[in-house]
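A closer look at the structure
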Amino acid sequence: MIVLGIETSCDETAVAVVEDDRVRSNLLSSQTDLHARFGGVVPELASRAHLVSLNILLAQAIQEAGVAYSDLDGVAVTIGPGLIGALLVGVSAAKALASVLDVPLIGVNHLEGHVEAAFLERPDLRTPIIALIVSGGHTMIAEVPERGRYEILGQTIDDAAGEAFDKIARYIGLAFPGGPEIDRLARDGNPAAYRFPRAKMNDDDYDFSYSGLKTAVIRWIRERQDAGEDIDAADLAASFQEAVVDVQVAKTLRAAETRRIATVVVAGGVAANSRLRARMHEEGERRRIEIVTPSLLLCTDNAAMIATAGMRRLEAGERTPLDVPATPNLALA
Ligand code: KG4
Ligand code: ZN
């Protein structure tokens, strides 16, 4: 089966062609430069940039894949969650294509796409799995009893993990998006230099909270500045990152142990974090839990993950009607 995937939920315009387990093309036009001077994604600018890029990317993705439009067996598109205007660009294009080509349309939940990225690289992977989904807008632990079914065990009660990275990065003057910047800076730092709070780490649930950590870090910086003390930025980045990672590792592996599930998938943009990946693999090995971390380009937003998720649903006989809306707060379960 050959499926075209379209992803425009936030600030990456992405188009991919996937044939079974093989990625034939996977293209991305990042809007990072466009939003950087505002320190965050400006929704209206994102929508307009998607409009400019999408048709060009579609043509390139088809060409690079070495297929014709008539070879496509379906069109998969992110229908939520995400920015309404941004989503609408991809959804409208996907509807037009499916209609003109007379192939099925399949709407995909962006978060399911992140999880399915793991199966794209590891077709041998078997459910059940525990998925830690950590992105710019979401942070949750889900049990996946079979592909396409999700039971949310817990989620953030305030900020998302990526949001915490981005906010702290912005506060200390790093570029947007801040996650990769903190990751890079932290490599030269000592993660035990400063001790920041690990909210909810030992609570008997699977929820997360990052707003207290954010406040603690900002207060800590101000106190040092007021006292005229030097702050080692690398130590600060490493110590903040360690607080985030500690909680994610502890709670995710506890979920796997408690639910007696032997495999953990780490998904979403923050899954690209080098410290989170390393610590997950270390702890997983110690506790005999298999840890799956998709390659970096499949962790951050891309369209191959959307094509894969859509293909699995098409194979199961699912179809999405052409009047499907884009849903900004689309739930996973
Ligand atoms: O999944 P994603 O690409 O887009 C959303 O669906 O939100 O995730 C983007 C988030 C941003 O907050 C970004 O700072 C974060 O993922 N991120 C990282 C890293 N790479 C991306 N956070 C920490 N370390 C990284 N290496
Ligand atoms: Zn994402």
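Presented here is a report on the structure given in the accompanying data block. Remember, it's a predicted structure, so these values are computed and weren't measured experimentally. (Residues numbered from 1 in each chain as written. Chains lettered and ligands numbered in written order. Predicted model: local features only at pLDDT ≥ 70, side-chain atom pairs only at ≥ 80, totals over all residues. Heavy atoms only, no water.)

**What to know about the overall build of the protein**
Note the threshold: Each helix is a run of H or I in the DSSP string that is no shorter than four residues. Each strand is a run of E no shorter than two, and both are numbered from the N terminus. Atoms counted for the radius of gyration: C-alpha only. Globule rule: 2.2 Å times residue count to the power 0.38. Note on classification: 1.4 Å probe, protein chains only; a residue is buried when its accessible area is under 20% of the maximum for its type, exposed when over 50%, partly exposed between these limits. Contacts are residue-level and defined by heavy atoms, with any inter-residue pair within 4.5 Å sufficient.
Check the secondary structure of the protein and you find eleven helices and ten strands. Rg of the C-alpha trace for the protein: 20 Å, near the compact-globule value of 20 Å for 333 residues, within the 12% margin. Expressed along its principal axes, the backbone C-alpha trace of the protein runs to roughly 65 × 45 × 30 Å. Buried residues in the protein amount to 54% of all 333 residues. The contacts of the protein with a sequence gap of at least 6 include a subset with a gap of at least 24, amounting to 74%.

**Digging into the sheet that holds strand β9 (residues 263-267)**
In any sheet, the strands associate via hydrogen bonds between backbone groups, in a parallel or an antiparallel arrangement. This is how it is decided: Pairing between two strands is assigned when DSSP locates at least 2 bridges connecting them. Axis definition: a line fitted to C-alpha atoms, limited for helices to the stretch in contact. Angles are taken between N-to-C directions and run from 0 to 180 degrees.
Taken together, five strands build an open sheet; the order of strands is β8-β7-β6-β9-β10 and the sheet is mixed. Both edges of this open sheet fall to β8 (151-155) and β10 (290-292), since each of them pairs with a single strand only. With strand direction ignored, the average angle separating the axes of adjacent strands in the sheet is 20°. The strands touched by helix α4 (residues 110-121) within the sheet are β6 (129-134), β7 (139-144), β9 and β10, with β6 carrying the most contacts at an inclination of about 125°. Against the sheet, helix α8 (residues 233-258) touches β6, β7, β8, β9 and β10, its axis set at about 155° to β6.

**Thoughts on the site of ligand 1**
To be explicit about the condition: Any residue with a heavy atom lying within 4 Å of a molecule or strand is counted as near it. Within 3.5 Å is the distance limit for a polar contact, defined as a pair of N or O atoms, with the added protein rule that one can donate a hydrogen and the other accept it, and that residues adjacent in sequence qualify only through two side-chain atoms. In this description, accessible areas are obtained by the Shrake-Rupley approach with a 1.4 Å probe, and a residue is regarded as covered only by the protein chains that are shown.
In the region of ligand 1, 18 residues are neighbours, and H114, G136, D166, D183 and D301 sit closest. A distance of 3.1 Å separates an oxygen atom of ligand 1 from a polar side-chain atom of H110. One of the side-chain N or O atoms of H114 is found 3.0 Å from an oxygen atom in ligand 1. For ligand 1, whose free accessible area comes to 540 Å², the fraction covered by protein is 88%. Within the residue set of the shell around ligand 1, elements represented by two or more residues are α4, α5 (161-171) and α6 (178-186).

**With respect to the packing of helix α2 (residues 43-65) against helix α3 (residues 84-101)**
Here is the rule we go by: In this scheme, roughly parallel covers angles under 35 degrees and roughly antiparallel covers those over 145, while 65 to 115 is roughly perpendicular and the rest are oblique. Two helices crossing with the near one rotated counterclockwise from the far one by less than a right angle form a left-handed crossing, whereas a clockwise rotation gives a right-handed crossing. Here the term charged refers only to Asp, Glu, Lys and Arg, the term nonpolar to Ala, Val, Leu, Ile, Met, Phe, Trp, Tyr, Cys and Pro, and the term polar to all other amino acids, Gly among them.
One can describe the packing of α2 onto α3 by two numbers: an axis separation of 8 Å at closest approach and a directional angle of 30°. When the axis of α2 is compared with that of α3, the two are roughly parallel. In this structure, α2 crosses over α3, and the sense of that crossing is right-handed. Along the contact surface, α2 presents S47, H50, L51, L54 and L58, while α3 presents G85, A86, V89, G90, A93 and L97. Considered class by class, the residues forming the contact of α2 with α3 number seven nonpolar, four polar and no charged.

**Observations regarding the coordination of the zinc ion (ligand 2)**
Put simply, the ideal angle at a metal is 109.5 degrees for four donors in tetrahedral geometry and 90 or 180 degrees for six donors in octahedral geometry. Worth spelling out the cut-off: A 2.8 Å cut-off from the metal defines N, O and S donors, relaxed to 3.2 Å for Na, K and Ca; water is not in the atom list, so some sites may appear incomplete.
Taken together, H110 (NE2), H114 (NE2) and D301 (OD) make up the full set of protein donors to the zinc ion (ligand 2), lying 2.0 to 2.1 Å away. Read in sequence order, the donor residues for the zinc ion (ligand 2) give the motif H-x3-H-x186-D. Note that H114 is positioned in helix α4 and D301 in the loop between α10 (296-299) and α11 (304-315), a separation of 187 residues in sequence. No difference in accessibility class separates H114 from D301, as the two residues are buried.

**A few points about the environment of P43**
Looking at the element boundaries, P43 is found in helix α2. By relative accessible area, P43 is classed as partly exposed at 42%. Sequence separation between P43 and A160 is 117 residues; the distance between their C-alpha atoms is 18 Å.

**Thoughts on the side chain of Q248**
With respect to the helices, strands and loops of the structure, Q248 is situated in helix α8. A relative accessible area of 0% places Q248 in the buried class. Looking at Q248, its side chain comes within polar contact range of the side chain of Y210, at 3.1 Å. Among all residues touching Q248, those that are not within four sequence positions of it are L132, V134, A161, F208, Y210, L276 and M280.

**Focus: α6**
A turn of α-helix holds 3.6 residues, and therefore any two residues three or four places apart point the same way. Let me state the cut-off plainly: What the arc measures is the spread of directions leading from the helix axis to the C-beta atoms.
Along α6, the positions that sit buried rather than exposed are G178, G179, I182, D183 and A186. The arc that holds the buried residues of α6, viewed along the axis, is 140°, so those residues lie on one side. Contact partners of the buried residues in α6: α5, α8 and α9 (274-287).

**Here's the deal with the packing of aromatic side chains**
By convention here, two paired aromatic rings are described through the distance between centres and the angle between planes. To be explicit about the condition: The aromatic pairing rule takes the rings of Phe, Tyr and Trp, using the six-membered ring of Trp, and pairs them if the centres are within 6.5 Å, calling planes under 30 degrees apart stacked, those over 60 edge-to-face and the rest tilted. The rule for a charge over a ring is simple: NZ of Lys or CZ of Arg within 6 Å of the ring centre, and within 35 degrees of the ring normal.
The final tally for this structure, using the stated rule, is five aromatic pairs. Between Y194 and F196, the ring centres sit 6.5 Å apart and the planes meet at 55°, which makes this aromatic pair tilted. When its relative accessible area of 3% is taken as the criterion, F196 is described as buried. Connected via pairs of aromatic rings, a cluster forms that spans Y194, F196 and W220. The ring of F208 carries the charged tip of K251 above its face, separated from the ring centre by 6.0 Å.

**Description of the pattern of salt bridges**
To be explicit about the condition: The term salt bridge refers to a pairing of a side-chain nitrogen on Lys or Arg with a carboxyl oxygen on Asp or Glu at a separation within 4 Å.
Summed over all chains, the structure comprises 27 salt bridges. For the salt bridge of E151 with R259, the shortest nitrogen-to-oxygen distance reads 3.3 Å. With E151 in strand β8 and R259 in the loop between α8 and β9, the pair connects residues that are 108 residues apart, well separated along the chain. Residue classification places E151 among the partly exposed residues on the basis of a relative accessible area of 38%. One network of salt bridges, with partners in common, ties together R198, E242, D246, R275 and R279.

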